[in-house]
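Residue strings, one per chain:
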Amino acid sequence: MPLHVGRPNIGDRDRFYRRLDQIFSSGWLSNDGPMVREFEEAIASISRARNCVAVCNGTVALQLAAKALALSDQVVIPSFTFVATAHAIRWQGITPTFADIEGCYHAIGPKSVSRVVGSQTSGVIAVRTWGLPIDDSALENVTASANLALIFDSAHALACGWKDGPRRLFGGAEVLSFHATKFLNTFEGGAILTDDDALADRLRLMRNFGFAGFDRVELLGLNGKMSEPCAAMGLTNLEFLNEIVQRNTENHQAYSRAVAHLPGISLLQPPAGYEWNHQYVVALVNPSCALDRDSLVQVLLAENVLARRYFFPGVHKMEPYVSEETHEPPSLPVTERACESVMILPTGTAVQPNDATQIGEILERAIDRADDVLGVLQKAKELTGAKPRAAVEPLGSFMNRT
Ligand code: T4K
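Residues numbered from 1 in each chain as written. Predicted model: local features only at pLDDT ≥ 70, side-chain atom pairs only at ≥ 80, totals over all residues. Heavy atoms only, no water.

Okay, the domain arrangement of the protein chain next. A common way to state how big an interface is: give the accessible area lost once the parts meet. By domain assignment, the protein chain separates into domain 1 (3-238) and domain 2 (243-307 + 346-401). If you average the C-alpha positions of domain 1 and of domain 2, the two centres end up 31 Å apart. Taken together, both faces of the contact between domain 1 and domain 2 bury some 2,400 Å²; the carbon and sulfur share is 62%. The three residues of domain 1 that bury the most area against domain 2 are L3, W130 and F183, which together make up 31% of that side's buried surface. (Domains from an automatic or database assignment. Buried area = accessible area lost by both parts, 1.4 Å probe.)

Pasting the structure below:
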């Protein structure tokens, strides 16, 4: 069975089916139902937030947060993120201004943000990349002093934070994703967290077309509601949350041991005192490695390990952003390096620590026989003139071949 980055974590099916039965019996399928409310309360409590507004996905959560906080004109975001961060604002006619990432956790910070804030900037969306730390209070200071809105895209960051951190949220709102591939999934889903009660009320109206009662529409809304079956999935998976973190942590430890002695490969590690969901295993392939990141991804693909190179090639090089550049492309050297070096390895409950050990062994053998591997890859390229994936598939296992 292939090992994928992104295999869903699925809780106890019988409990989920029981919840579905309840939904069918009640006849209440959507529109702020009891399961959604229960799910919102649970997520708010885990996230130490006063309010949680559940919606249909993380992208819509970003769109609603941006609209509710009146973002307009230009908004500073990282280029090193999933493209949804940019699309959510561009869809509303807002132009993203790309800030470079800084520090070791692949996030924008106060220096990189200050460098690109201009007279048209209305806000900043900072991404808690991989759920690892970000300089919240410094970003809050920068945005507050320039009178800018601040949103955190925390799509990766449920159940992450400093153990002794403040019991409040930073910025105006924080956005979560519960997509099938996320640490906690509701099939599709998302949420907006905020400590601002008035903002939460506005968001609840906005996700339901602006309806404040029968026939009374108070503002511009859309259909962003989470359905009851999605909330039922979320509640069921929440009961299993500790097991998911436990397995992720064990897998991460196994990977750490497996790559510790590999020259040129390291894993991102959380700092002491930080609680991490370990949702992503982020390997960095440095120039000192005998094989570059793309070659290693191809080796793993050929071994049925579907590793990924998130967030290649960087949003600023994707459409429509790359074509919309009106002046020089942004200078994002740290982003470019991350795009070239990040390799995400499979984890989650579908992966066992033993799989991580074996993946480490594949990487080790490939690096030991780097010349042979490069030869096979070159041959494949000559034979097919192909894109990497197509070049790899007919070749089968590198390890049996070389
Ligand atoms: N902000 C950030 C920082 C984000 O990372 C994301 C989403 C968002 C905002 C937006 O949130 P949502 O609107 O999505 O709620 C995935 C996810 O689709 C996406 O949710 C996620 N970030 C992103 C980082 O990763 P891909 O490109 O990895 O492809 P996908 O979804 O096709 O799945 C990857 C692998 O997972 C496949 O090889 C097979 C496996 N898989 C996938 C699904 C859906 C399964 O085994 N079962 C499944 O049901 O995007």
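From this point on, the discussion continues.
Here we take up the sheet that holds strand 12 (residues 281-285). Read across the sheet, 3 strands follow the order 10-12-14 without closing on themselves; strand pairing throughout is antiparallel. Each edge of the open sheet is held by one strand with a lone partner, namely strand 10 (265-267) and strand 14 (342-345). Each neighbouring strand pair of the sheet contributes to a mean axis angle of 30 degrees, computed without reference to strand direction. One ladder, built from 4 bridges, connects strand 12 with strand 14; its direction is antiparallel. Within the sheet, the bridge partner assigned to V282 lies in strand 14 and is I344. (Pairing = 2+ DSSP bridges. Helix = DSSP H or I, 4+ residues; strand = E, 2+ residues; numbered from the N terminus. Axes fitted to C-alpha atoms, helices over the stretch in contact; angles between N-to-C directions.)

What follows is about the packing of helix 3 (residues 58-68) against helix 7 (residues 197-206). Viewed as axis vectors pointing N to C, helix 3 and helix 7 meet at an angle of 125 degrees, and their least axial separation amounts to 10 Å. As the angle between them shows, helix 3 and helix 7 are arranged oblique. Like other packed secondary-structure pairs, helix 3 and helix 7 cross with a definite hand, here right-handed. Each of L64, A65, K67 and A68 in helix 3 lies in contact with helix 7, whose residues at this interface are L199, R202, L203 and M206. Looking at the contact of helix 3 with helix 7 residue by residue, the class counts come to 6 nonpolar, no polar and 2 charged. (Parallel < 35°, antiparallel > 145°, perpendicular 65-115°, else oblique. Left-handed = near helix turned anticlockwise from the far one by under 90°. Contact = heavy atoms within 4.5 Å. Nonpolar A, V, L, I, M, F, W, Y, C, P; charged D, E, K, R; others polar.)

Taken as a whole and assessed by the stated rule, the structure comprises 15 salt bridges. When the shortest N-O distance is used, the salt bridge between E239 and R19 registers 2.8 Å. In this pair, E239 is assigned in the loop between helix 8 (228-238) and helix 9 (241-259) and R19 in helix 1 (residues 13-26), connecting sequence segments 220 residues apart. Overall, the relative accessible area of 39% leaves E239 in the partly exposed class. Between D294 and R309 there is a salt bridge whose closest N-O contact spans 3.1 Å. Placement of the pair is D294 in helix 10 (residues 293-302) and R309 in the loop between strand 13 (305-306) and helix 11 (321-324), with a sequence separation of 15 residues. A single salt-bridge network, built from bridges that share partners, covers D32, R37, E40, R204 and R207. (Salt bridge = Lys/Arg side-chain N within 4 Å of Asp/Glu carboxyl O. Buried < 20%, exposed > 50% of the residue type's maximum accessible area, 1.4 Å probe, protein only.)

The next thing to look at is the layout of surface pockets. Roughly 1,000 Å³ of internal volume is contained in the largest pocket. Along its surface, the largest pocket is lined by 49 residues, and V5, F82, R308, Y310 and F311 are the ones closest to its centre. Of all the secondary structure elements, the ones that give two or more residues to the lining of the largest pocket are helix 3, helix 4 (84-90), strand 8 (173-177), helix 10, strand 14 and helix 15 (388-392). Examining the composition of the lining of the largest pocket, we find that 4 residues originate from one element, helix 10, more than from any other. Two domains each provide a minimum of three residues to the lining of the largest pocket, namely domain 1 (3-238) and domain 2 (243-307 + 346-401). Computed from the structure, the second largest pocket encloses a volume of approximately 550 Å³. For the second largest pocket, the lining is made up of 25 residues, of which S47, R48, C160, G161 and W162 are closest to its centre. Elements with a minimum of two residues in the lining of the second largest pocket: strand 7 (161-162), strand 8 and strand 11 (274-275). Across the lining of the second largest pocket, the residue classes tally to 15 nonpolar, 4 polar and 6 charged. (1 Å grid on protein atoms, 1.4 Å probe; cavity = no way out; pocket = protein on both sides within 12 Å on 5 of 7 lines; lining within 4 Å. Points joined across faces, edges and corners; volume = space filled by probe spheres on them.)

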